[in-house]
Structures are given as C-alpha cells and as structure tokens.
Amino acid sequence: MKFGNMAPATMLLVVSLALLVNTGAATEMPSHLFKCLFTYPTKKIVQRLHHRVEDTVGETLRDFQYEVAFDTLIPNIAMLGGIPPVGELPTWKWLQGLLNKTANIAHSYLDTEKSKMIIAAIPEIIEKAASTQAEEAVLKLHSIVDDAKGVMTSSNVFELAWHITLAEKALSRRVALNGPHLSGSIAKLVKDLVLKLIDVVLTAFMAPDNARPVRFEGYSNLFKSLLKYYPEPESNRETGVDAAFGRYRLGGWVPFQLRKVDTKLLHDMHFRQYRGSSHDLIKRVEKALRDGRLYGTDYSFLAALPRQPGKFAAQPVGLFEIPEDEEEGERVGVSPLCVQVTKGVASSIFTPSDGKWVWQYAKMTFNAMESVYHEGIGHLAHTHLVVEALLLSIKRSMPPKHPVRKLVDPHLEGTIFINWLAEQTLLKDGGPVDIQFPTQMKPTLDFIASEVLDRMKSNLTWPAFMEKSGLTEGQFPVKYYPYREFAGKLWAAYHRWVGRYLKLVYPSNKKLNADSQLEEFRRELIANKVKWVEDTWFEGQGTVALLTDVITSTIFIGSAQHAAVNFAQAEMMSPAGWVPRALYSPPQNDAAYLENEEDILNALPPIRQSLLQRDVALILSTHYTNILDGYSKPAYDTVEMDRAARDFHQELVEIEAYQNERNAEAVDRWRKTESKPKDLNPDHWAYNLLLPSMVPMSINI
C-alpha cells in the first residue's frame, strides 16, 4: 500500500503509539526489551509507513485459497500459509472491544496531565480518522505530543505494544476494504507524528529494570490502579488458602490434569525418604493410595526444555487426596497433601505444616509450571492449533453453502486470524510469551507442535479425552468437580444438536458416502495429520455417527473447551505473586532457605514482567465477543433444521439455569462452613467459565 493510501489504518497506528507512551512506574525498559521494542514490532510498523509499496487492497480482494503450510513458526503442523483472507478478518465490533480494553490498561499507567490529554484525544482521532476532519484531529495530537515530551515516564511500553500492534494490524487490513483513504498531506502529518511519538517514548526510559516489591503484598497492589475497570482477582487474596489450591485442580486454568497416583510415581519421587516436619505424611499418602483416593500432577517433564538465562523452571509434583469425609469432599473436591519442588529430591517435599513461606513457595513453583503447561499445551496446542487443522480441512473442502460448512462456520469465526496474529506477535522471539516463559522459544514451539500431533492421534471427543485422562465419574469419584459436570452437559447438548442436524442432511450412511465434498474433507483431515480420522474413517465407509463426533469435537473445542482454559486467565492467573510464569532464582530444595519473605520475593518476577503478565491476561481473558447465543434466531435450509436449532438454544438456557443452581449450592456450602479460611470469599466458589452466556461460539481471542 502506498503511503498516500494509508487510510484510517495509519490513524490507528498513531492512536496505538499514543497509547504506548502512557505508562506510569518510574522504571526503565531492560536493554533486551528495549532493543526488541524498537526492532519488532515498532521498526516494522515504521518501515510500513515509509516503504510499503504493495497494494494491500488488491491483495486482499483477489481470489484467495486456504493454503496449508507445515513450515510456519510452529513446525510440522497444519497452519494457514500466508496472510489470512478477507473472510477471516475481524469485525469492527471485535476491534472496538480490543481497543477499549487496551485503553483501560493504558489508563492505569498515567502519571501526568499531558499523558491524560493524549488518551482523551484518542476517541476523537478514531472517530474522525475516516472523515474530512482527520487533519484537525492529527494536528491536535501533534500539539499535545509537543507539550508532553520529556514529562512522561514508562515501565511497560513493550507489554502494551504487542496487543496494540495486534489492533493496528487488524485495522490496517479491515480499513483497506472499507475506505476512505487519507490524503497525502494528512499522511505526511501522520508520519511526522509517528516519529515524534517514538522520540517521546525513547525519552521515557530512565531507570533499572529489575525492581521487585519489597513485600509480597506488593504483587497484589499491582491491581489497585485498574480497579476502575477490572475487579481485583479473587485469587489475589487466596494465596494462603489451601482449599483454593485444591479447587484449581478441578475448576482452574487446566482442570483436567490430575491423574491417579501409583507406586511408580511415589518411587520416582523417592517419597519414602521424606523426613519433613510432618512425619505422618507418608502414612497419610499411603492410606490414600490404598483407598484409591490419591491423585497427583507431574510437571517435571517441562524442565527438560532449554531455559533462558536468568530464568528457572522447577520440576514439581503435586499430590492431592479425595477427602475421606464426604461433606468435606463436597466442599473442596480434593485437598493438597504436598508439593515436591524437584522430582526425585526428597528434601524438596513440602507440606502445609512446613510454615507459611515454605508452603507458599511450594505452591508457587507448582503453579508456575502449570501455567507454562496451560499456555503452551492446554490452551494453545489443544484448542487453537487443533482447531486450525480441523478448520482448514473444512474451508478447503466445502463451499460456504455446503450444509456442514453452514453448521460449523459460526464456530470458526476469527480463529485463523487470531492464530496468525499470535504467530506474528505473541510467539516471536522477544515477544510477550518469550519474556514471561522460562524456556527458550524455538524448542518450546517444537514441543508444542509435537503435543498437537499427539492430541490429534487420539479420539478428539470430550468423553474420550476424559476417559483417557482417567477423570470420568467412574474413574475419579470426586464429589465436587465443576469442570467435568458442566462441560459434560454442554458436550451432550452439542452432540445432540449436531447429530440431529446431520441426520437431516444425511438420512443414511449411503447418502453421506455419496457426498464428494465430504470425501474431500476426509482427505484434507488426513493430510493435515488428524490421525484419529485416518485410523477410523475409511473411503466409502463413513457414518453419520462418526461425522457427528468429528463436527461436535470441532465445535466443542473451539467454544466450550477454549472458554474453560482461556477465560480463567484474568481471574486466576493474572497475579504473578500467585502464578508466576517463571522462577527468577534456582529452585530451592531445602526448607531452611525458605524461612522468610525475602527468599520468596527473589524467586518471583520483577515488576515489569508482573505487569506484563497482568495486562496480557486481562486483555486475552476479558474480551468476549460472539457469545454462544446465535441459535435463538436460526436461518438454516429447512424448517426441521431451524426447529432443531431452537431446541438446542432452549437446552442451553436450561443448562445455564442448572449451572447457576449448582454454583449457588457450592457457594452456600462454603458460606455455612464455620472453619472456612478468613481470606476465602465463598462467592468465588462459583464456576462460571462454562455458563453458555459466557462461552463464545469460536476461538477469536
């Protein structure tokens, strides 16, 4: 696109860079982040302002095929090759929501009247960008920036840069299709303003980058400046609540990671060598093992990934028990027994009786590695990337009017775009994931790719996933398991709806196998390495039942399963003092060196990384669009299909009422518990992540 044709997309860039300037703590960007910021993505943005010559409008409007590539940043898995086509671009509503979230974050950093003036000017810039008043708006921002130079400070320019750049890239292509374009004279003003804003940002960096709170409570205080826009996460007040630590195994960010413990795991832990302060732990663990009540999660395998200099990864194993007391089991589901910080090192087995800071450290290291697993595997690999392989297979084999495509398309909206954008921004070396994770990006992405392929070898249906995990009701007789209970009801409703719809399209297996486009879909799935399909769906031998499983899995993973893992981030994972993404000192295996607060603080992220974690979680986990309510006014091909859709919608209404009732019971149980921890808010015991009114139809953030 030539500079004179930059259009309102360039205006958004100005808005974005204006937002970048507005940060508040007087700490400096570390040198590697500083270099990263002004080489990627800002350098690329400036290069586009000066050097882009390709006509983006012509490019996006040409006939685009969904090309599959296996050599993207995440290797060996099916992803879109090239730029997302026009039909995959986000809506204006989506972008407006993202910008609003970004502006809210930016407000929390304001520390001067001048920076407030820049923020105040942004809505006018957005409103006037595509109008004849654009020049007036740009000139006003010029004047504000001239006055602001030298009086702003910044600690988090980079953490804001990634999601603002995300919005800029989205709008740069969206606006190209909607016009009108800026004139050459306004474009020159924009260019000068961009350079001026960069100069303001450069002036803002003045202080060291490794500052940490002097007290543990300082990590909680990082949320105070955002209270106008976001409530303080309840998890911020639950760091000392063991019931909450147990709850997160069953209703947290990856509530499907517990596994039944056998003697081999205890042997690998060298558990019998334990000589901690709680000598009855061995007896208690072995009794729970005999009774079939002992469960655990082992994240030690993640430590095999090469780590970044200055960051550390623990090798934790957590052991939990289903309480013998039935009433207690209904309240908590499972209770924590111990955490081993370094698998196989008996001295690193810590329990609640080892003291406040020792036990806090143990839980913190477990949460840290679970958050790495969550972001890389439970979230990215098993939802975003699995769905992309399924999505590309559908898009490449069926025209938009094909009845199966019409069924699935609403559940695929925005997925290709958000995955492409994550690849371009979040997952790059020096990007937000790299800054937060303890592991190096390339081997981490290789590992993520292997997990995608491994997941697609298995039956992708939710019941099969739970059975393989050993977490069905028969395998895991826990009294309180909200994720399993609520996800199970949603899966059953989805499966009934999809099966009913497909039966109307294909009354017999014979008709299904006569559909050449469906056969092409099967071939695409196999080409995209969905081994489950290759092993079960043979040419000419398809069944309506199998197709129902494939399509229901696509819809469920892209809506309910993604909602369960994505929207837990703001409420549960944003506080770095509770769920750090990495350790900043070597894992400590001796309780004698964990006796005071300073020992814990040294292991936690600096303020800069903690704010980055906070902001990324809030942006990704509070941006709801395209909620699962599109079935209330169906418009399918037949009356019977519309009736089935309305029945599905009604079932979702009933599921929501059921979930609210069950949540109220869970909250009431805790409210009536006299011995409940003082920091526990019973209302937090409601598991709302799978309420149909809060589940988007697709992965679009």
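One structure accompanies this document, and this report is about it. Keep in mind that what you see is a predicted model, and the values were worked out from it rather than measured. (Residues numbered from 1 in each chain as written. Predicted model: local features only at pLDDT ≥ 70, side-chain atom pairs only at ≥ 80, totals over all residues. Heavy atoms only, no water.)

1. Some details on the nonpolar core
This is how it is decided: By nonpolar core we mean a set of buried residues, namely Ala, Val, Leu, Ile, Met, Phe, Trp, Tyr and Cys, connected to one another through side-chain atoms within 4.5 Å. The classification of residues rests on relative accessible area computed with a 1.4 Å probe and restricted to protein chains. Under 20% of the type maximum is buried, over 50% is exposed, and intermediate values are partly exposed.
Counting 159 residues, the largest nonpolar core has Phe 476, Tyr 483, Trp 497, Phe 521, Ile 551 and Leu 690 as its most contacted members. Ranked by size, the runner-up nonpolar core spans 16 residues in total, among them Tyr 274, Ile 282, Leu 337 and Ile 349.

2. What about the packing of aromatic side chains?
Let me state the cut-off plainly: Paired rings are identified among Phe, Tyr and Trp, the last through its six-membered ring, by centres lying within 6.5 Å, and are further divided according to the angle between planes into stacked (under 30 degrees), edge-to-face (over 60) and tilted (the rest). Only DSSP runs of H or I with at least four residues qualify as helices, and only runs of E with at least two residues qualify as strands; both kinds are numbered from the N terminus onward.
Enumeration according to the criterion identifies 32 aromatic pairs in this entry. Measuring from centroid to centroid gives 5.6 Å for Phe 256 and Tyr 483, while their planes differ by 55 degrees, and the two rings are tilted. With Phe 256 in the loop between helix H11 (242-251) and strand S3 (259-260) and Tyr 483 in helix H21 (residues 482-505), the pair connects residues that are 227 residues apart, well separated along the chain. A relative accessible area of 0% places Tyr 483 in the buried class. The interplanar angle of 80 degrees and the centroid separation of 5.6 Å between the aromatic rings of Phe 476 and Tyr 481 together place this pair among those described as edge-to-face. On the basis of relative accessible area, Phe 476 is assigned to the buried category, the value being 0%.

3. A word on the packing of helix H15 (residues 356-397) against helix H17 (residues 415-424)
In plain terms, the rule: Axis definition: a line fitted to C-alpha atoms, over the contacting stretch in the case of helices. Angles run 0 to 180 degrees between N-to-C directions. Here roughly perpendicular refers to angles of 65 to 115 degrees, roughly parallel to angles under 35, roughly antiparallel to angles over 145, and oblique to all remaining angles. Handedness of each helix crossing follows the sense of rotation of the near helix against the far helix: counterclockwise by less than a right angle gives left-handed, clockwise gives right-handed. We call two residues in contact whenever any of their non-hydrogen atoms come within 4.5 Å of each other. Residue classes follow a fixed rule: Ala, Val, Leu, Ile, Met, Phe, Trp, Tyr, Cys and Pro count as nonpolar, while Asp, Glu, Lys and Arg count as charged, and any other residue, Gly among them, counts as polar.
The N-to-C vectors of H15 and H17 enclose an angle of 130 degrees; their axes lie 10 Å apart at closest approach. By the angle between their axes, H15 is oblique relative to H17. Between H15 and H17 lies a crossing whose hand is left-handed. Residues His 384, Leu 385, Val 387, Glu 388, Leu 391 and Leu 392 of H15 form the contact with H17, whose own contacting residues are Thr 415, Ile 416, Ile 418 and Asn 419. Among the residues making up the contact of H15 with H17, the classes are represented as 6 nonpolar, 3 polar and 1 charged.

4. A look at empty space enclosed by the protein
Defined as follows: Put plainly, a pocket is an open set of points on a 1 Å grid over the protein atoms alone with protein on both sides within 12 Å along at least five of seven lines, a cavity is a set where a 1.4 Å probe fits but cannot get out, and a lining residue has an atom within 4 Å of a point. Grid points are joined across faces, edges and corners, and a volume is the space filled by probe spheres set on the points.
Per the stated rule, a full pass over the model turns up 11 cavities of 30 Å³ or more. Quantified by volume, the largest cavity comes out at close to 410 Å³. Listing elements by their share of the lining of the largest cavity, those giving two or more residues are H15, H17, helix H18 (432-436), helix H19 (441-457) and helix H28 (607-621). No other element matches H15, which puts 6 residues into the lining of the largest cavity. Partitioned by chemical class, the residues of the lining of the largest cavity number 19 nonpolar, 7 polar and 3 charged. Quantified by volume, the second largest cavity comes out at close to 120 Å³. Around the second largest cavity sit 14 residues that line it, and His 382, Arg 455, Phe 465, Ile 557 and Gln 561 are the ones nearest its centre. For the lining of the second largest cavity, the secondary-structure elements that each account for two or more residues are H15, helix H20 (462-468) and helix H25 (544-566). With 4 residues, H25 is the single largest residue contributor to the lining of the second largest cavity. Of the residues contributing to the lining of the second largest cavity, the split by class is 7 nonpolar, 6 polar and 1 charged.

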